[in-house]
Each structure stands twice: as structure tokens, then as C-alpha cells.
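Here is how the chains run, residue by residue.
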Amino acid sequence: MSTDHTGRAESLPSVPSVDDPRPHPPLTEHFNTGTATDPDVGARETSSLTVDGEDVTVGEEATLIDALEQVGSDEELSALCYYDREDTDRIGPRSECRTCMVETDEHGLVPSCSFPAEEGMTVETNSTEAEEARSVNLDLVLSDHNLRCTTCGKNGRCELQDAAIEADVEVPRYGVFDDRDEYEPIDESSPFIQIDRNKCILCNRCVEACNDVQVEGVLRIEGSGADTRIGFQNGAEEMMDSTCVSCGHCATVCPTGALVEQDYTDAATIPIPGFTQENSIGETIGEDYDGQPNPATPMKGNQTYEDDALDGEASDD
């Protein structure tokens, strides 16, 4: 093994550093993993608590939703920003949508997806206060969402739609998105993934899947207040101009129709004459990707080659 100028042993290629074993993707020197900023639930020993009258024991770093899942009480909660599937990386806890609120004797109303399971806690999912909190927060999410479900590629497989049906929501108490005429254009620039920000609930799942699971560093949350939206870390306006590698993980974890694979954008829509997703919004961007010689988003490793090719064409002229 060779040594560097300080006399320390240099690490061999493909051997992770002992100090920082995390993989470092190429050409992302300005990107740091962990940018989704999950709440810290801490490290604890096994905890015993009571959920809806049943005793349950959970392991270290467990949150209340882990305890709810053990006794089946999680079926009462929509938990739209929470994602925990078998055989995949867990995303969260996010604690963004607050549709998983429960009541505890010790701390009052808390979000079950991110609140740590403490020894001796008593948790109720069906108290009047908890049910009202979940109902209010679900209506708030629905009021800022395009509810034209019949034109959506996720119709019938949308977690927000399922939550609204289970909660018997007919009309959100705070109005609907249609009342405000604030639609964003649909981003059709990528041949692989369609973005409809009018259906985005800002759950942050896609950002964490991109940054911390796939470690690509393409997506980010940008703006503030009513202007908060999903954007791209390189500042691009369209997905085609981002550094997306088209892995599709963002669309996989999206709970709504905000991110849909292009092959499935019309798979679940109900054909109503004269009423489609595009004309219900009124504007799309990036519709000409079919005419491009190489219809693919520019990968990180290809950007240098593309710049060199352009420089070469300029010099030939």
C-alpha cells in the first residue's frame, strides 16, 4: 500500500474510507446527502407502551407509527408523507402532512410518523381530538390539490384519493384548487417522467428518494409559502434540462399523480369526450421531446461530453 505526502496510507480503489464510507457520486461535489433533513428520533432501548388499550413493545429508534403498525391501528391513519415498504429503503420520518396525528397522555397531539415511542406512553388514535386533527389536515392537503381525478394517471392508485374515500370526504371544508385558477404547466419535457405540480402535496418523498436513496441529487424543495414547489438542484426549469438519470424512483414513491411514468399517464384515466389532463390544466411545456435526436435527460457524466461536442462544432464552423 502506498502512502501520501503526509506519510499516511492511501486507500485502495473500491475500498471505502473508514472515516467516511458513504459513496460519493461523480460530478456532484456541491451536493450533500441528507438534504431531506429528517427529524431526529434518537436512539433508545426497547420501549413498552399502550396503543388503543393494547400493550406493545418496540425496538430502538422506533416511532409511534411503528407501534401502531404492530397492533393494526395504523389502518386508521393516512400518513401521506410516510413511506415504508418491504424490500426497499425507508423514507422519512418526514412529518410534513400531519395526517397521522394521534393523542398521547404525556404530550397531547403528536404526528405518529416522527414522534419517538417512549417507555410507558399511552396512545389513542380514535380520540375526538386526534380524529379532528387528521380530518382538518387532510382537508388542507385536498384544498391545495387538483382534484380532477378522472384525468389523472394515478386514478385508482393514489394514496390521497384513498385517504379521502376512507374519510368520506365529499367536498374539502376549505374549498378546492379549481376555485383559485393557479395551475402550473405540466412538464412533459422528459420522455420518461411527467411532472404535474398541481397534484404535488409537498410530502418530500421524491426529494429524499432522489437525494438519500438513489444519491443522485436532482430534486429539491424551492420557494416559500404558496410558491413552494419541487424543483431541480441545477436550477433547470424543465426536467429535460435537469441532471435526472431517469431511474424512476421519484415516481415510485410519489403518493399522488405529481410524478408519473410517461407510459402510464393515461393508463387509469376515464375517457370523457373533450376532457383530458392537458386541457384541464391549459398549458404544457417541453412537448417536443419526441423530435429530439436523443430523447433522454442529460446524465451527470454526459454533461462534459455534450459541452465538448458543442465546442467542437463551433470550432469546425
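Refer to the structure presented above.
Small disclaimer: the values here were computed from a predicted structure and weren't measured. (Residues numbered from 1 in each chain as written. Predicted model: local features only at pLDDT ≥ 70, side-chain atom pairs only at ≥ 80, totals over all residues. Heavy atoms only, no water.)

1. Some remarks on the overall build of the protein
Across its full length, the protein carries seven helices and eleven strands. Burial statistics for the protein: of 317 residues in total, 43% are counted as buried. For the protein, the accessible area works out to roughly 17000 Å², and carbon and sulfur atoms hold 46% of it. (Helix = DSSP H or I, 4+ residues; strand = E, 2+ residues; numbered from the N terminus. Buried < 20%, exposed > 50% of the residue type's maximum accessible area, 1.4 Å probe, protein only. Areas by Shrake-Rupley, 256 points an atom, 1.4 Å probe, with all protein chains shown as cover.)

2. Some remarks on helix α3 (residues 159-166)
Given 3.6 residues to a turn, an α-helix orients residues that are three or four positions apart in the same direction. For α3, the complete set of buried residues consists of Leu160, Gln161, Ala163 and Ala164. Angular distribution of buried residues about the axis of α3 spans 160 degrees; they occupy a single face of the element. Facing away from the buried surface of α3 by more than 90 degrees, the exposed residues are Ile165 and Glu166. On its buried face, α3 sits against α2 (128-143). (Arc of directions from axis to C-beta. Contact = heavy atoms within 4.5 Å.)

3. What to know about helix α4 (residues 205-213)
Most of α4 is tucked away, with seven of its nine residues classed as buried. Those residues of α4 lying buried are Arg205, Cys206, Val207, Glu208, Ala209, Cys210 and Asn211. Contacts from the buried residues of α4 go to α3, β8 (219-222), β9 (229-232), α5 (249-253) and β10 (259-261). Remark: Val215 follows α4 within two positions and exhibits a positive phi of approximately 55 degrees.

4. Section: the pairing of strand β2 (residues 54-58)
The two faces of a sheet get side chains in turn, since along a regular strand they alternate between them. Alignment of strand β1 (residues 47-51) against β2, held across five bridges, turns out to be antiparallel. By the bridge assignment, Leu49 is partnered in β2 with Val56. Between β1 and β2, which pair antiparallel in sequence order, lie two residues; one of them, Asp52, sits at a positive phi of approximately 50 degrees. (Pairing = 2+ DSSP bridges.)

5. Concerning the nonpolar core
Formed by 32 residues in total, the largest nonpolar core has its most connected members in Leu49, Leu64, Leu80 and Leu160. Put simply, the parts of the chain that give this core at least two residues each are β1, β2, α1 (64-71), α2 and α3. Considering every element that reaches this core, the biggest residue donor is α1, with four residues. Once residues lying within four places of it in the same chain are set aside, the contact partners of Leu80 are Cys97, Thr99, Leu138, Val141, Glu159, Leu160, Ala163, Ile201, Cys203, Arg205 and Pro255. Counting 18 residues, the second largest nonpolar core, distinct from the first, contains Leu219, Ile230, Ala236 and Cys254. (Core = buried A, V, L, I, M, F, W, Y, C linked by side-chain atoms within 4.5 Å.)

6. Considerations on unusual backbone geometry
With phi around 45 degrees, Ala79 is a residue other than glycine that occupies positive phi space. Counting through the fold element by element, Ala79 comes out in the loop between α1 and β3 (101-104). Under the relative-accessibility criterion, Ala79 is labelled buried at 7%.

7. Here's the deal with the side chain of Thr151
Among the secondary structure elements, Thr151 is positioned in the loop between α2 and α3. Overall, Thr151 belongs to the buried group, its relative accessible area being 3%. Here Arg148 takes part through its backbone oxygen, which lies 3.0 Å from a polar atom of the side chain of Thr151. (Polar contact = N/O pair within 3.5 Å; in protein donor to acceptor, adjacent residues only side chain to side chain.)

8. Examining a negative patch on the surface
Together, Glu75, Glu76, Glu131, Asp162 and Glu166 make up a negatively charged patch on the protein surface. You can see Glu76 is positioned in the loop between α1 and β3. On the basis of relative accessibility, which here comes to 57%, the residue Glu76 falls in the exposed class. (Patch = residues over 30% accessible without salt bridge, like charges linked within 9 Å, V, L, I, M, F, W, Y side chains within 5 Å. Salt bridge = Lys/Arg side-chain N within 4 Å of Asp/Glu carboxyl O. Lys, Arg positive; Asp, Glu negative; His and termini not counted. Charge placed at Lys NZ, Arg CZ, Asp CG, Glu CD.)

9. A closer look at the pattern of salt bridges
If you walk through the whole model with that rule in mind, you get seven salt bridges. Put simply, Glu184 and Arg229 hold a salt bridge, and the shortest N to O gap is 2.9 Å. Here Glu184, found in the loop between α3 and β6 (186-187), pairs with Arg229, found in strand β9; they are 45 residues apart in sequence, far enough to count as distant. Given the relative accessible area of 17%, Arg229 is considered buried. Via salt bridges that share partners, Glu184, Arg220, Glu222 and Arg229 belong to a single interconnected network.

10. Quick look at the layout of surface pockets
Taken as a whole, the largest pocket holds about 400 Å³ of empty space. Residues belonging to the lining of the largest pocket are distributed by class as follows: five nonpolar, three polar and six charged. (1 Å grid on protein atoms, 1.4 Å probe; cavity = no way out; pocket = protein on both sides within 12 Å on 5 of 7 lines; lining within 4 Å. Points joined across faces, edges and corners; volume = space filled by probe spheres on them. Nonpolar A, V, L, I, M, F, W, Y, C, P; charged D, E, K, R; others polar.)

11. A look at the sheet that holds strand β5 (residues 122-124)
With mixed pairing, the five strands of this open sheet are ordered in space as β2-β1-β5-β3-β4. Looking at the sheet topology across the chains shown, the edges are occupied by β2 and β4 (108-111). Recorded for the sheet is a direction-independent mean angle of 35 degrees between the axes of neighbouring strands. Contacting β1, β2, β3, β4 and β5, α1 runs over the sheet at an angle of about 125 degrees to β2. (Axes fitted to C-alpha atoms, helices over the stretch in contact; angles between N-to-C directions.)

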